[in-house]
Amino acid sequence: SKATVSVLNWKKHIPPQKTHKMVKGYTPKNKQNRPELFTIDTTIHMHKYLKGRTFKKRAPFACKVVRKVAKTLMGTEDNRIEVRLNKAIWSQGVKGCPVRIRVRMERKRNEDDEAKNKLYTVASYVRVRKGDFKGLTTKRVSNDEE
């Protein structure tokens, strides 16, 4: 019957989903046209990366996730985590990382002339109450220096 055929061939009717390794909700358009120095606010869904992770490795891995997201969004190899962000990640202990965290990523020029990379990113903590993450998107923050 038609019902059994449609149940058996249900995979044919599902359109293929695009797989991408970018942070959800943000696509860096025109990487070449980006200004050299800019700042964005973004939400990192930590639970997505930490699910199934060994308890004693969760908070250190969360710090690595922040660095990786900064590398993806800002395009810099040198990514630094501010003290307040590190404290927010570790606030509930090694295994109790926050489910989501709001981060401000600021790309800066390296003052050190002998530095390998001329730009670096500083990730800092933006305080958001637990229920207020709904509707927050990745936003560009205006820079006063430009």
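Scroll up for the structure.
Residues numbered from 1 in each chain as written. Predicted model: local features only at pLDDT ≥ 70, side-chain atom pairs only at ≥ 80, totals over all residues. Heavy atoms only, no water.

> Lay out the packing of aromatic side chains with the relevant residues and their values.
All told, the structure shown has zero aromatic pairs when counted by the stated rule. The ring of F61 carries R53 above its face, with NZ or CZ at 3.7 Å from the centroid. The side chain of R80 reaches across the aromatic face of Y120, ending 3.8 Å from its centre. (Phe/Tyr/Trp six-rings, centres within 6.5 Å; stacked < 30°, edge-to-face > 60°. Lys NZ or Arg CZ within 6 Å of the ring centre and 35° of its normal.)

> Any details on the sheet that holds strand β2 (residues 78-81)? Residues and values, ideally.
Strand order in the open sheet formed by five strands is β2-β4-β3-β1-β5, and the pairing between neighbours is mixed. Both outer strands of the open sheet, β2 and β5 (139-141), are each paired with one neighbouring strand and no more. When the angles between neighbouring strand axes are averaged without regard to direction, this sheet yields 30°. Note that strand β1 (residues 39-45) and β5 share three bridges and pair antiparallel. Pairing of I40 across the sheet is with R140, part of β5. (Pairing = 2+ DSSP bridges. Helix = DSSP H or I, 4+ residues; strand = E, 2+ residues; numbered from the N terminus. Axes fitted to C-alpha atoms, helices over the stretch in contact; angles between N-to-C directions.)

> Pulling in residues and values, what's your account of the pattern of salt bridges?
Taken as a whole, this structure holds six salt bridges when the rule is applied. D78 is the salt-bridge partner of R80, the closest N and O atoms lying 2.9 Å from each other. On the basis of relative accessible area, R80 is assigned to the partly exposed category, the value being 35%. A salt bridge links R129 to D132; the nearest nitrogen and oxygen atoms lie 3.7 Å apart. Within the structure, one salt-bridge network assembled from shared partners comprises E36, R109 and K118. (Salt bridge = Lys/Arg side-chain N within 4 Å of Asp/Glu carboxyl O. Buried < 20%, exposed > 50% of the residue type's maximum accessible area, 1.4 Å probe, protein only.)

> Explain the pairing of strand β3 (residues 100-109) to me, and be specific about the residues and the numbers.
The sheet contact formed by β1 and β3 spans seven bridges and is antiparallel. By the bridge assignment, T39 is partnered in β3 with E106. Bridging between β3 and strand β4 (residues 119-126) involves eight bridges; their strand directions are antiparallel. Each residue of the ladder has a partner; that of R102, found in β4, is V126.

> Let's hear about a negative patch on the surface: which residues, and what values?
Residues E111, D112, D113 and E114 make up a contiguous surface patch of negative charge. Along the polypeptide, D113 turns up in the loop between β3 and β4. Given the relative accessible area of 76%, D113 is considered exposed. (Patch = residues over 30% accessible without salt bridge, like charges linked within 9 Å, V, L, I, M, F, W, Y side chains within 5 Å. Areas by Shrake-Rupley, 256 points an atom, 1.4 Å probe, with all protein chains shown as cover. Lys, Arg positive; Asp, Glu negative; His and termini not counted. Charge placed at Lys NZ, Arg CZ, Asp CG, Glu CD.)

> Describe the layout of surface pockets, with residues and values.
In this model, the largest pocket occupies a volume close to 790 Å³. Taken together, 30 residues line the largest pocket, and the ones lying closest to its centre are T43, I44, R100, I101 and F133. Listed by contribution, the elements that provide at least two residues to the lining of the largest pocket are β1, α2 (46-50), β3 and β4. The element best represented in the lining of the largest pocket is β1, accounting for four residues. Considering only residue class, the lining of the largest pocket consists of 13 nonpolar, nine polar and eight charged. (1 Å grid on protein atoms, 1.4 Å probe; cavity = no way out; pocket = protein on both sides within 12 Å on 5 of 7 lines; lining within 4 Å. Points joined across faces, edges and corners; volume = space filled by probe spheres on them. Nonpolar A, V, L, I, M, F, W, Y, C, P; charged D, E, K, R; others polar.)

> Any chance you could break down the environment of R129 for me, citing the residues and the numbers?
By the secondary structure assignment, R129 is in the loop between β4 and β5. By relative accessible area, which is 62% here, R129 ends up exposed. In the structure, R129 is positioned 27 residues away from R102 in sequence and 10.0 Å away in space, judged by C-alpha atoms.

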